[in-house]
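# Structure at a glance
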Amino acid sequence: MSESSASALQLGRPSRQPAVHPENLSLDASCFSSPPVNFLQELPSYRSIARRRTTVHSRDKQSGTLLKSTDSYSSQLEDRIAENLSSQSLRNYALNISEKRRLRDIQETQMKYLSEWDQWKRYSSKSWKRFLEKAREMTTHLELWREDIRSIEGKFGTGIQSYFSFLRFLVLLNLVIFLIIFMLVLLPILLTKYKITNSSFVLIPFKDTDIQCTVYPVSSSGLIYFYSYIIDLLSGTGFLEETSLFYGHYTIDGVKFQNFTYDLPLAYLISTIAYLALSLLWIVKRSVEGFKINLIRSEEHFQSYCNKIFAGWDFCITNRSMADLKHSSLRYELRADLEEERIRQKIAERTSEETIRIYSLRLFLNCIVLAVLGACFYAIYVATVFSQEHMKKEIDKMVFGENLLILYLPSIVITLANFITPMIFAKIIRYEDYSPGFEIRLTILRCVFMRLATICVLVFTLGSKITSCDDDTCDLCGYNQKLYPCWETQVGQEMYKLMIFDFIIILAVTLFVDFPRKLLVTYCSSWKLIQCWGQQEFAIPDNVLGIVYGQTICWIGAFFSPLLPAIATLKFIIIFYVKEWSLLYTCRPSPRPFRASNSNFFFLLVLLIGLCLAIIPLTISISRIPSSKACGPFTNFNTTWEVIPKTVSTFPSSLQSFIHGVTSEAFAVPFFMIICLIMFYFIALAGAHKRVVIQLREQLSLESRDKRYLIQKLTEAQRDTRN
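Residues numbered from 1 in each chain as written. Predicted model: local features only at pLDDT ≥ 70, side-chain atom pairs only at ≥ 80, totals over all residues. Heavy atoms only, no water.

## Here we look at the overall build of the protein
Under the convention used in this document: Working definition: helices are DSSP H or I runs of at least four residues, strands are E runs of at least two. Numbering for both runs from the N terminus. Contacts are assigned to residue pairs with any non-hydrogen atoms lying within 4.5 Å of each other. Accessibility throughout is a Shrake-Rupley quantity obtained with a 1.4 Å probe, and a residue counts as covered only by protein chains that appear here.
Across its full length, the protein holds 25 helices and five strands. The contacts in the protein between residues at least 6 apart in sequence include a share of 77% that link residues at least 24 apart. When the accessible surface of the protein is split by element, carbon and sulfur atoms take 63% of a total near 42000 Å².

## Quick look at the nonpolar core
This is how the line gets drawn: Definition used in this section: a nonpolar core is a set of buried Ala, Val, Leu, Ile, Met, Phe, Trp, Tyr and Cys residues joined via side-chain atoms within 4.5 Å. Each residue's exposure class comes from its accessible area (1.4 Å probe, protein chains only) as a fraction of the maximum for that residue type: buried when under 20%, exposed when over 50%, partly exposed otherwise.
One finds Tyr 163, Phe 164, Phe 166, Tyr 275 and Trp 555 to be the most contacted residues of the largest nonpolar core, which totals 118 residues. In terms of residue count, the dominant contributor to this core is helix H8 (residues 158-193) (15 residues). Excluding residues that lie within four positions of it along the chain, Tyr 275 makes contacts with Ile 177, Ile 180, Ile 181, Trp 555, Ala 558, Phe 559 and Leu 618.

## Description of the UniProt feature "glycosylation site" in the protein
Filter applied, for reference: UniProt positions are given in the numbering used here, feature names are shortened, and annotations may be inferred rather than shown by experiment.
Annotation from UniProt places "glycosylation site" at Asn 24, Asn 84, Asn 96, Asn 259 and Asn 638. Residue position: Asn 638 is located in the loop between helix H22 (596-623) and helix H23 (643-649). Those residues in contact with Asn 638, other than ones at most four positions away along the chain, are Ile 625, Pro 626, Ser 627 and Lys 629.

## Quick word on the state of the cysteines
Between two cysteines, a covalent bond joining their sulfur atoms is known as a disulfide. For clarity, the threshold we go by: The disulfide criterion is simple: two cysteine sulfur atoms within 2.5 Å.
One pass over the full model with this rule turns up one disulfide. Across a sulfur-sulfur distance of 1.7 Å, Cys 486 and Cys 631 are joined as a disulfide pair. The S-S bond linking Cys 486 to Cys 631 shows a torsion near 85 degrees; that makes this disulfide right-handed. Separated by 145 residues along the polypeptide, Cys 486 in the loop between helix H17 (473-477) and helix H18 (487-523) and Cys 631 in the loop between H22 and H23 bring together distant segments of the chain. Each member of the pair Cys 486 and Cys 631 is classed as buried.

## What about unusual backbone geometry?
One non-glycine residue with positive phi stands out, namely Trp 145, at about 55 degrees. Mapping Trp 145 onto the fold places it in the loop between helix H6 (116-141) and helix H7 (146-156). Although it is not a glycine, Lys 195 sits at a positive phi angle of roughly 55 degrees. Assignment of secondary structure puts Lys 195 in the loop between H8 and strand E1 (200-202). Here Lys 195 falls in the exposed class, since its relative accessible area comes to 66%.

## A word on helix H25 (residues 665-722)
Defined as follows: For a helix, the expected span equals 1.5 Å multiplied by the residue count minus one.
Here H25 is 58 residues long and its end C-alpha atoms lie 85 Å apart, about the 86 Å a rise of 1.5 Å per residue gives. Among the residues making up H25, those that are buried are Cys 676, Leu 702, Asp 706, Tyr 709, Leu 710, Leu 714 and Ala 717.

## Looking at the packing of helix H13 (residues 352-390) against helix H15 (residues 409-429)
When two helices pack together, their arrangement is given by the angle between the helix axes and the distance between those axes. Applicable threshold: Axis geometry follows a simple rule: fit a line to the C-alpha atoms, using only the stretch in contact for helices, then measure angles between N-to-C directions, giving values from 0 to 180 degrees. Angle categories are assigned with fixed cut-offs, so that under 35 degrees is roughly parallel, over 145 is roughly antiparallel, 65 to 115 is roughly perpendicular, and the rest are oblique. Residues are sorted three ways: Asp, Glu, Lys and Arg are charged, Ala, Val, Leu, Ile, Met, Phe, Trp, Tyr, Cys and Pro are nonpolar, and all the rest, Gly among them, are polar.
H15 packs onto H13 with a crossing angle of 170 degrees between their chain directions and a minimal axis gap of 9 Å. In this view, H13 runs roughly antiparallel relative to H15, as classed from their interaxial angle. Note on element contacts: H15 touches H13 through Leu 409, Pro 410, Val 413, Ile 414, Ala 417, Thr 421, Ile 424, Phe 425 and Ile 428, opposite Leu 365, Ile 368, Val 369, Val 372, Leu 373, Cys 376, Ala 379, Ile 380, Ala 383, Thr 384, Phe 386 and Ser 387. When grouped by side-chain class, the residues that make up the contact of H13 with H15 number 18 nonpolar, three polar and no charged.

## Re a nonpolar patch on the surface
Note the following rule: Patches were defined on residues exceeding 30% relative accessible area and lacking a salt bridge, with like-charge contacts within 9 Å and nonpolar side-chain contacts (Val, Leu, Ile, Met, Phe, Trp, Tyr) within 5 Å. Definition used for salt bridges: Asp or Glu carboxyl oxygen within 4 Å of a side-chain nitrogen of Lys or Arg.
A cluster of nonpolar side chains, namely Phe 651, Leu 655, Phe 658, Val 662, Phe 667, Phe 671, Ile 674, Ile 675, Ile 678, Tyr 681 and Phe 682, defines an oily patch on the protein surface of about 1000 Å² accessible area. The dominant element in the nonpolar patch, judged by the number of residues it contributes, is H25, at seven residues. With respect to the secondary-structure elements, Ile 678 resides in helix H25.

## Considerations on the sheet that holds strand E3 (residues 261-263)
Here is the rule we go by: Pairs of strands are assigned from DSSP output, requiring at least two bridges between the strands.
Here three strands make up an open sheet; going across it, the order is E1-E2-E3 and the pairing antiparallel. With partners counted over all chains shown, the strands left at the sheet margins are E1 and E3, one partner each. Strand-to-strand twist in this sheet, taken as the mean axis angle between neighbours without regard to direction, amounts to 25 degrees. Summarising the sheet, strand E2 (residues 254-256) and E3 pair through three bridges and their orientation is antiparallel. Considered in E3, the bridge of Gly 254 is made with Asp 263.

## Here's the deal with the packing of aromatic side chains
As a reminder, the rule being used: Note on aromatic contacts: the rings of Phe and Tyr and the six-membered ring of Trp form a pair at centre separations within 6.5 Å, being stacked when their planes are under 30 degrees apart, edge-to-face when over 60 apart, and tilted otherwise. Counted as over-ring charges are cases with an Arg CZ or a Lys NZ within 6 Å of the ring centre that also lie within 35 degrees of the ring normal.
Counted under the stated rule, the structure contains 27 aromatic pairs. Ring geometry for Tyr 163 and Phe 164: centres 5.1 Å apart, planes at 80 degrees, overall edge-to-face. The same class applies to Tyr 163 as to Phe 164, namely buried. Aromatic pair Phe 166 and Phe 603: ring centres 5.3 Å apart, planes at 45 degrees, arrangement tilted. Taken together, the residues span a long stretch of sequence, with Phe 166 in helix H8 and Phe 603 in helix H22 at a distance of 437 residues. For Phe 603, a relative accessible area of 1% corresponds to the buried category. Among the aromatic residues, ring-to-ring pairing joins Tyr 247, Tyr 250, Tyr 268, Trp 487, Phe 559, Phe 560, Phe 634 and Phe 637 into one connected group. One Lys or Arg, Arg 362, reaches over the ring of Tyr 359 and ends 5.5 Å from the middle of that ring.

## Regarding the side chain of Ser 411
Mapped onto the elements, Ser 411 comes out in helix H15. With sequence-adjacent residues up to four places away left out, Ser 411 is seen in contact with Lys 497, Leu 498 and Phe 501.

## Section: the pattern of salt bridges
Counting across every chain of the model gives four salt bridges. In this structure, Glu 432 engages Arg 446 in a salt bridge whose closest nitrogen and oxygen atoms are separated by 3.1 Å. Of the two residues, Glu 432 sits in the loop between H15 and helix H16 (436-466) while Arg 446 sits in helix H16, which places them 14 residues apart along the sequence. With a relative accessible area of 0%, Glu 432 lands in the buried category. Under the relative-accessibility criterion, Arg 446 is labelled buried at 10%. The closest approach of N and O atoms between Lys 497 and Glu 494, which form a salt bridge, is 3.0 Å. One end of the pair, Lys 497, and the other, Glu 494, are both in helix H18, three residues apart, so they sit about a helical turn from each other.

## Side note on helix H9 (residues 228-235)
Filter applied, for reference: Here the arc refers to the directions that run from the helix axis out to each C-beta atom.
Those residues of H9 not exposed but buried are Ser 228, Ile 231, Asp 232 and Ser 235. Along the axis of H9, the buried residues cluster in a sector spanning 100 degrees; they form a single face. Once H9 finishes, Gly 236 follows within two positions and takes phi at roughly 80 degrees, a positive value.

## Quick word on the packing of helix H5 (residues 97-112) against H6
Put simply, H5 and H6 touch, their axes get as near as 10 Å, and they point 140 degrees apart. In terms of axis orientation, H5 runs oblique to H6. Only Gln 119, Arg 122, Tyr 123 and Lys 126 of H6 make contact with H5, whose side of the interface consists of Gln 107, Gln 110, Met 111 and Lys 112. Each residue belonging to the contact of H5 with H6 can be placed in one class, and the counts come to two nonpolar, three polar and three charged.

Okay, here's the thing in structure tokens:
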């Protein structure tokens, strides 16, 4: 290489002030000096920034930034690192061993000139940080199913591992919800019931309520059929109805201890608000990181190609078959991206007649989707009404199967709707001419809406039956006391039946469908029908929708059945082992990839939708529907929410005035305006950050053009040298 070309390559780098980072400590002086060369003005980046040179110079003068020599810059870095040594460890810096030793010597030298108080603060800060690091290492060993999830990650990759991590999160969430309800509601009752503390129950005082509204018929005793216990266990009726599993068991006003009286109605309502708020905050906190990653990855299509080609491999995979599957999934991703590019080009070249035709077809197909959803919702409504009207018959008038079918009719219809509609949606989406990625997202979104809306339809159907009646009972009690003497308990029984039936379906499909299918594929693979059928795929979205469906049932039912979170915890623990066994022995991973970061954000987004849908019927039940007068802690209140104003009325007058002021419209309107201003500020800040990101991407693109230009000049210089 000639000397002139080498110097041209070295000196043709764009001049810029480097950021003050410790990892740049050992940079060469040539990085900071770039005298002008003849072809500098021909660089693409130089041409693009020539228009902004005046603005950049004035900005540099205002900020007072000047280019310094390499020695002064190095000394500045050393001083900056030496100042930060007290707060950060040397291992956090990307330096070689000799530089770290030199900085450690600087640190020890500085320590000699510090006072004893400063030396003690530095030593105590380092000791505290070491303790926190050791504590974090210990907590990682205490994680639930740590070894199992790591084994799954090593065999099947991070996509499937994210599903089991999400299942572990739901186990911990339900366990915390159960502990909240146990500490606030169950524990005071148990301490009094078993005489552990010197306390007594405070019974609900009798008010001017019609005697007809306080009638709560108890299950008749006498000759009981042997299968009645099975029906009671599966439906929550009979002996289970009178236990602490359901709302009607907590018909007390409080617990009187020696120095105070524990207000059970207030604690019951606060526990509901607490577990909903905790779930919301926990889900939002976990979803922030996944949202950031998805936001970055969705900005640039070229970056997606680079990530798949250069950084798409999952190094957690150690199994040969899983490695082959990962190869095929990467090929599928690239084919899907190319197909999306083809769809974009096709959309760009689409004529107005074709656009009208495709949008008309999509409108017609979406009408079909709405018709399917409407038919499913109507079927659930009819099944719920039929079940509620016939479940009050005497058991001796019907056989075992008929009784169980009537009790579980809404659950059966909901399960059939959740099984049939995804197949219909998958057929319809093929004719809508979307890109492959959007097809998957739209199908999943429709399935999410279907699964979660069915629960809301069931709850609102029960609410309409509770608040409507033929005679004047509704005017007397506020609800249909004849069919629903304790309507909260009966809603809890419906949620309990949904939870149990969903669990039975998951076990039955795994044991009686997936396992025999695996045997047929293994030992009868020569049959053409078996070859077409193939082995069951472990579809991550379908499994996630299943557990989110169960979690939504738990959120709605925890108010009406306080022990339902404990049942959900046990259910998810069993599902974890069942799904792990199914993945290892009966199913194969889906060839369609599901990246871990996308998975975590998608799972939490679906879970957040389920939480929002669960809050709606709970809010209506607490604030609108009159509480039962025959059972529960709110028999003396028109609605459940009335316990809050009653409690506030017992506060001092100054505190009452403050609470009324905070909850008034005079405070709400300015507060809403301030929140809007803050939101607009963050939107503007996000826009500014986005513009900076765009500029940095343009700068990276210009640097790549500079490199290509310099390589071209270098090639020309080498050719001239040879000639």
